Every structure is written in structure tokens, then in C-alpha cells.
Amino acid sequence: MISIGGLCKAFGERQVIKDLNLEVDAGEVVGLVGPSGIGKSTTLNIVAGLMEPDSGEVKIGGKTVTRFAGPGPNVMVHPADRGLGYVMQDNALFPHLSVMANVTFGLRGLDASAVRKRAMDVMEMLRIADLKGLLPGQLSGGQQKRVALARSLAPEPRILLMDEPLTSLDQELRQHLMGELRAIFDRLDLTVIYVTHDNFEARSLADRIAVFGSGRISGSFFVSH
Amino acid sequence: MNRTQTLLLGLASVLFLFFIAVPVAAVFLYTTPSQLASAITSDAVITPLKLSFLTATVSATLVVIVATPLSYALARRRFRGRLFLDTLVDIPMVLPPSVAGLALLLAFAPRGLVGRYLLQQGIVLPGSLIAVIMAEAFVASPFYFRSSKTAFESVNQRILDSARILTKSDARVFLRVTLPLASRGILAGFIMCWARALGEFGATLLFAGNLPGVTQTMPLAIYIAMASNLVAADALSVILIVISFVVLAAFKFLGGWQKPA
């Protein structure tokens with residue numbers, strides 16, 4: 001489903017990603033694990049189309065969505081045309097819009113009642129329907145995380161990228177959300193790249209762990225649940 | 001800090017406040033309240049007051065419409081010549097008003113760089129209401145530009161990235177996310193631009209002239225009234241000071257030019 005090949009990215013003199021290769025099968029949840037600040041988020045940003053690599057290729061569903069310094073012209077498909085959702089570490093919710101407006105933001109090409117139904121379905125699944133009129137600033141950390149997830153899932157993406165989604169939450173809430181997240185991944189048959197520095201979190205959620213080190217995937221192994 | 005140092009610092013502060021407050025107080029104390037009330041309702045005050053409000057509002061609005069796209073581009077895009085453009089738009093802020101007026105004349109007067117072509121169409125700008133608006137917009141535009149650019153720069157890139165994942169429409173991202181999140185800075189910029197336009201004197205005098213009822217704004221009327229009707233000049237000054245105070249307070253309330261943390 002996701003194929004990353006020969007990815008390289010430097011910031012000035014600092015080579016953050018060096019020939020990174022990763023294959024993620026449809027419906028697979030891959031935990032991208034490694035210490036903070038070594039390029040995991042950069043990898044997600046490149047897959048999402050928010051950042052250009054120096055070289056390398058990203059394919060989604062067999063279609064090239066990013067290609068730089070490869071054969072033929074460079075390719076950079078718009079992030080909204082990649083069929084993916086992205087939950088960022090800081091949620092990046094729209095602070096001036098209600099929970100409902102956040103969740104419906106990515107729903108285009110549907111009539112108003114279909115938009116509302118889709119949003120309500122997702123919000124009910126994540127148990128935030130009663131928060132729909134509130135602003136993000138009025139929510140707890142856990143509630144904000146649920147809204148960020150609902151906003152990403154509302155357009156029904158096939159792929160979900162998650163960048164340290166549980167880092168800022170307390171231990172009890174993390175444990176609780178981990179169980180919920182895994183159930184949602186299975187229920188929606190999502191292909192997921194889940195970035196975390198927490199081995200336990202990755203093992204709890206992922207089918208496979210890909211270890212990120214020295215700018216590339218240094219090893220990968222399957223997790224038995 | 002010892003007592004002598006504290007005393008010296010306190011003395012310096014008192015001197016500074018004295019220097020600012022005394023001239024302001026003098027304007028308020030020159031006329032009695034009844035003189036002020038009757039002056040404020042006279043034609044000598046009302047006519048330039050109306051003209052100033054009209055031209056300042058129109059010029060600040062036009063600046064917002066015309067300057068916002070470039071302010072956004074300079075805030076969020078990196079391109080060749082960016083620093084040059086960023087400096088160019090600040091020039092009116094540091095030019096002496098007489099130079100600004102002369103520049104406008106050389107550009108838009110009937111024999112000017114652009115004015116000669118306008119003349120062929122029968123358009124003569126100097127001495128017109130449009131010239132007042134142009135002079136005010138020229139001088140006041142950097143005040144809006146700085147504030148709106150800072151506001152656009154302060155919008156969290158991650159939030160914009162989130163929006164770009166959800167929609168392909170740049171216009172939708174701008175109108176639904178960027179613009180609302182920058183709105184306080186945009187409003188603060190509009191207020192400062194409006195206030196600067198309201199107080200504009202030199203460029204307006206040179207480019208638009210001083211025609212009562214046509215181009216004579218409040219600052220020009222104050223200058224003229226000082227020779228013959230000091231009470232009217234004082235009444236206009238009181239109004240300008242009150243407006244300036246309210247505007248500055250509003251600007252500070254809205255966050256001014258400070259980037260949010």
C-alpha cells in the first residue's frame with residue numbers, strides 16, 4: 001500500500017534521512033520506532049506530501065505520489081490527493097472552529113446532510129459527539145486527541161499517519177486510548193504508520209515494528225499479539 | 001539597587017512623563033469646556049473632521065484590500081527579491097512627509113511619470129479628494145503592512161499543514177484558517193493605518209493642497225486655524241488626541257506587533 005524507496009533528506013549539513021526504504025502492506029499497522037528528533041516525523045511529512053525529499057520515491061497504492069532526483073520529472077502530488085489522514089503530535093486543530101467544524105473541514109463534495117451524518121458517525125465512534133459545539137481550547141488533552149483523530153478519519157482515508165499521538169497524555173489515558181486506537185485501526189481496516197519513541201506503545205499497537213536509526217530503517221520485526 | 005539609583009531612575013521617569021504629559025494637558029486646558037463644546041459643533045471643525053474620517057476610512061480600507069496579498073506572500077513564501085520588496089514597502093514609514101508629497105506629485109501630477117497619461121484621459125489628481133486618499137494611503141500603508149505580515153507569520157505552520165491534508169483548495173485554507181487566525185493582527189494593522197491616515201499632514205498638503213471642504217483634513221485645518229482661530233485649532237487637537245489614545249489602546253489590546261508565543 002505504501003512504498004518508500006531510496007529516501008534522502010538533509011537540513012543544511014545535517015543528513016536526517018539516508019536511503020530509507022520501507023514497505024507497508026494494505027491493512028498493516030507499522031510502528032516506526034526510534035529516539036526523538038532523528039527524522040521519523042520528517043519521514044511522515046514526506047509521505048504526507050508536506051515536505052519534499054532531496055531524493056527518493058513514495059508510492060501509495062502503486063501510484064507515485066512523490067519522486068525527486070529519480071528517473072523522469074519530479075513528482076509531488078498534493079497532500080489532499082493522497083488519500084491519507086494525519087494525526088500530528090500537537091493535534092494542530094483549528095482553534096477558532098468548533099469541534100464539528102474541525103471534523104467536517106475535510107468533507108467536500110457531499111450535501112450538507114451527508115456531511116453531518118458522516119461527521120456524527122465518526123464523532124460517535126470516538127465518543128465526542130456531545131462536544132461538537134465546543135472549541136478545541138475548551139477540551140482536555142484526551143478530547144483534543146479524539147477530535148484530531150475524528151477530523152483525520154472523517155474523509156474516510158485508507159491510510160492513517162500518526163506522529164507521537166499519545167506523547168503528551170497521562171499514563172492512564174494513554175493505556176485507554178491505545179486499546180481504542182487498535183480497535184479503530186481494525187474496524188476501518190486502515191493502513192497505518194505510527195511514529196513513536198515508546199517501544200511499549202509501538203508493540204501494543206503495531207503489527208510490525210520498523211526501527212529507525214541513523215536515518216534509515218535499521219531493522220524490522222513482526223509483533224505477536 | 002540602592003536608594004540613590006532608585007531615586008535617579010524615578011526622577012528620569014518623572015521627567016520623561018512630564019515631557020509627554022504636559023503638552024497633551026496643555027491642549028486640554030487651553031479652552032474651557034463650553035468653548036470646546038461650541039467649537040466642536042462649528043463648521044470650521046465639523047467639515048474637516050468629516051473629511052478626515054471619510055478619507056482615513058477609505059484609504060485604510062483600500063490599503064487592506066491592496067496590501068494583504070503581498071503581506072501574506074512575504075510572510076509565508078520564500079522567493080528571490082523578498083527582502084527588497086519587504087524593505088520597499090516600508091519606505092513611506094521613514095520618508096519625511098514632504099518627500100512623500102513630492103514623490104506623489106512627481107508620479108501623479110499632470111506632468112508626472114503616470115500623471116501625464118492620466119491627463120490624456122482628462123484625470124487631474126492634485127487638489128482632489130482622491131489625492132487626499134492617495135497621500136494618506138501612501139504614508140499609512142506600512143503600518144498595516146507590518147502588522148498584517150507579523151500576523152500571517154505567526155499562524156502555526158502545523159495547523160496550515162493539517163488544513164492542506166484535508167483540502168486541495170488554497171483559497172479555502174486561506175479564508176477558513178489563515179485569515180481568521182491572523183484577524184487580530186489584521187484588525188490592529190487597519191486601526192494603526194487608519195490613525196496614521198487621520199493624522200497625515202505633509203504629503204497631503206503637498207499633493208492634495210489645502211482646499212476647505214475638498215482637501216482640507218483635520219491636521220491641515222489645525223495648521224490654518226492656528227493663525228486665526230486658536231480655539232478651533234485646539235478643539236480639533238483635542239479630538240485628535242482622544243482618537244489617538246483610543247486607537248493606541250485598541251492596538252495594544254489586540255496584541256500590536258508582538259508575535260504570540
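Structure: above.
Since the structure is predicted, the reported quantities are computational estimates derived from the model, not experimental observations.

## Re the overall build of chain A
The number of helices and strands found in chain A is six helices and eleven strands. For chain A, the C-alpha radius of gyration of 17 Å lies close to 17 Å, the compact-globule estimate for 225 residues. Here chain A holds 225 residues, and the buried ones make up 44% of them.

## Some words on the nonpolar core
Formed by 123 residues in total, the largest nonpolar core has its most connected members in A:Ala150, A:Leu161, A:Ile193, A:Tyr194, B:Ala135 and B:Cys193. Contact partners of A:Leu161, with chain neighbours within four places excluded, come to A:Leu44, A:Val47, A:Ala48, A:Leu84, A:Tyr86 and A:Ile193.

## Concerning the sheet that holds strand S6 (residues 75-76) of chain A
All names here are of chain A. If you trace the five strands from one edge of the open sheet to the other, you get S2-S1-S4-S5-S6, paired in antiparallel fashion. Unpaired on one side and paired on the other, strand S2 (14-24) and S6 mark the two borders of the sheet. In the packing of helix H1 (residues 40-48) onto the sheet, the strands contacted are strand S1 (2-11), S2, strand S4 (55-60) and strand S5 (63-68), and the crossing angle to S1 comes to about 120 degrees.

## So, helix H13 (residues 230-253) of chain B
Residues and elements named next belong to chain B. Given a rise of 1.5 Å per residue, 24 residues ought to cover 34 Å, and the 34 Å separating the end C-alpha atoms of H13 matches this to within 8%. If you check which residues of H13 are buried, you get Ala 232, Ala 233, Asp 234, Ala 235, Leu 236, Ser 237 and Phe 251. In this fold, the buried residues of H13 make contact with helix H1 (3-30), helix H2 (33-40), helix H3 (43-76), helix H10 (170-198) and helix H12 (218-228).

## Looking at unusual backbone geometry
Residue and element names in this part refer to chain A. Of note, the phi angle at Asn 91 is positive, near 70 degrees, even though the residue is not glycine. Within the secondary structure, Asn 91 sits in the loop between strand S7 (84-87) and helix H2 (99-104). Here Ala 92, not a glycine, exhibits a phi torsion of approximately 50 degrees, which is positive. Mapped onto the elements, Ala 92 comes out in the loop between S7 and H2.

## A short note on the pairing of S1(A)
Note that S1(A) and S2(A) share seven bridges and pair antiparallel. Its bridge partner being in S2(A), A:Ser3 is matched across the sheet by A:Glu23.

## Looking at the sheet that holds strand S10 (residues 208-213) of chain A
Residues and elements named next belong to chain A. Strand order in the open sheet formed by six strands is S7-S8-S9-S3-S10-S11, and the pairing between neighbours is mixed. Both edges of this open sheet fall to S7 and strand S11 (216-222), since each of them pairs with a single strand only. Taking each pair of neighbouring strands and ignoring which way they run, the sheet shows an average axis angle of 15 degrees. Judged from the five bridges that link them, strand S8 (residues 159-163) and strand S9 (residues 191-196) form a sheet pairing that is parallel. Note that in S9 the partner of Met 162 across the bridge is Tyr 194.

## Describing the environment of A:Ile159
All names here are of chain A. Here Ile 159 lies in strand S8. Judged by C-beta crowding, with 21 C-beta atoms within 10 Å, Ile 159 ranks as buried. With 158 residues separating them along the chain, Ile 159 and Met 1 place their C-alpha atoms 8.5 Å apart. Not counting residues within four places of it along the chain, the set of residues in contact with Ile 159 comprises Met 1, Ile 2, Ile 60, Gly 83, Leu 84, Leu 190 and Thr 191.

## Thoughts on the environment of A:Asn102
Residues and elements named next belong to chain A. Mapping Asn 102 onto the fold places it in helix H2. Given 26 C-beta atoms within 10 Å, Asn 102 falls into the buried group. Residues Asn 102 and Gly 5, 97 residues apart in the sequence, show an inter-C-alpha distance of 34 Å. Once residues lying within four places of it in the same chain are set aside, the contact partners of Asn 102 are Leu 93, Phe 94, Leu 97, Pro 136, Val 147 and Arg 151.

## Considering the packing of H12(B) against H13(B)
All names here are of chain B. Taken N-terminus to C-terminus, the directions of H12 and H13 make an angle of 150 degrees; their axes are 7 Å apart at the nearest point. In terms of axis orientation, H12 runs roughly antiparallel to H13. Along this stretch, H12 crosses H13, giving a crossing that reads as left-handed. Judged by residue contacts, Met 218, Ala 221, Ile 222, Ala 225 and Met 226 of H12 engage Leu 230, Ala 232, Ala 233, Leu 236, Ser 237 and Leu 240 from H13. Of the residues in the contact of H12 with H13, the class split is ten nonpolar, one polar and no charged.

## Some details on the environment of A:Val75
All names here are of chain A. Relative to the helices and strands, Val 75 is located in strand S6. Separated by 49 residues in sequence, Val 75 and Glu 124 place their C-alpha atoms 38 Å apart. Non-local contacts of Val 75, meaning those with residues more than four positions away in its chain, are made with Thr 64, Val 65, Thr 66 and Arg 67.

## Considering the packing of H2(B) against H13(B)
All names here are of chain B. Between H2 and H13, the shortest axis-to-axis distance is 9 Å and the interhelical angle comes to 85 degrees. What the angle tells us is that H2 and H13 run roughly perpendicular. Here Gln 35, Leu 36, Ala 39 and Ile 40 of H2 lie close against H13, whose contacting residues are Val 231, Ala 232, Ala 235 and Val 238. Considered class by class, the residues forming the contact of H2 with H13 number seven nonpolar, one polar and no charged.

## Structural notes on the pairing of S7(A)
Remark: a regular strand shows side chains that alternate across the two faces of the sheet. Residues and elements named next belong to chain A. Side chains Leu 84 and Tyr 86 project from S7 onto one buried face, and the interleaved Gly 85 and Val 87 project onto a second face that is buried too. Here S7 runs beside S8; their pairing, made up of four bridges, is parallel. Within the sheet, the bridge partner assigned to Gly 85 lies in S8 and is Leu 160.

Parameters at a glance
- Residues numbered from 1 in each chain as written.
- Chains lettered and ligands numbered in written order.
- Predicted model: local features only at pLDDT ≥ 70, side-chain atom pairs only at ≥ 80, totals over all residues.
- Helix = DSSP H or I, 4+ residues; strand = E, 2+ residues; numbered from the N terminus.
- Rg over C-alpha atoms; globule rule 2.2 N^0.38 Å.
- Buried ≥ 20, exposed ≤ 12 C-beta atoms within 10 Å, placed from the backbone.
- Core = buried A, V, L, I, M, F, W, Y, C linked by C-beta atoms within 7 Å.
- Contact = placed C-beta atoms within 7 Å.
- Pairing = 2+ DSSP bridges.
- Axes fitted to C-alpha atoms, helices over the stretch in contact; angles between N-to-C directions.
- Expected span 1.5 Å × (residues − 1).
- Parallel < 35°, antiparallel > 145°, perpendicular 65-115°, else oblique.
- Left-handed = near helix turned anticlockwise from the far one by under 90°.
- Nonpolar A, V, L, I, M, F, W, Y, C, P; charged D, E, K, R; others polar.

Everything listed here is a matter of geometry and, on its own, says nothing about what the molecule does.
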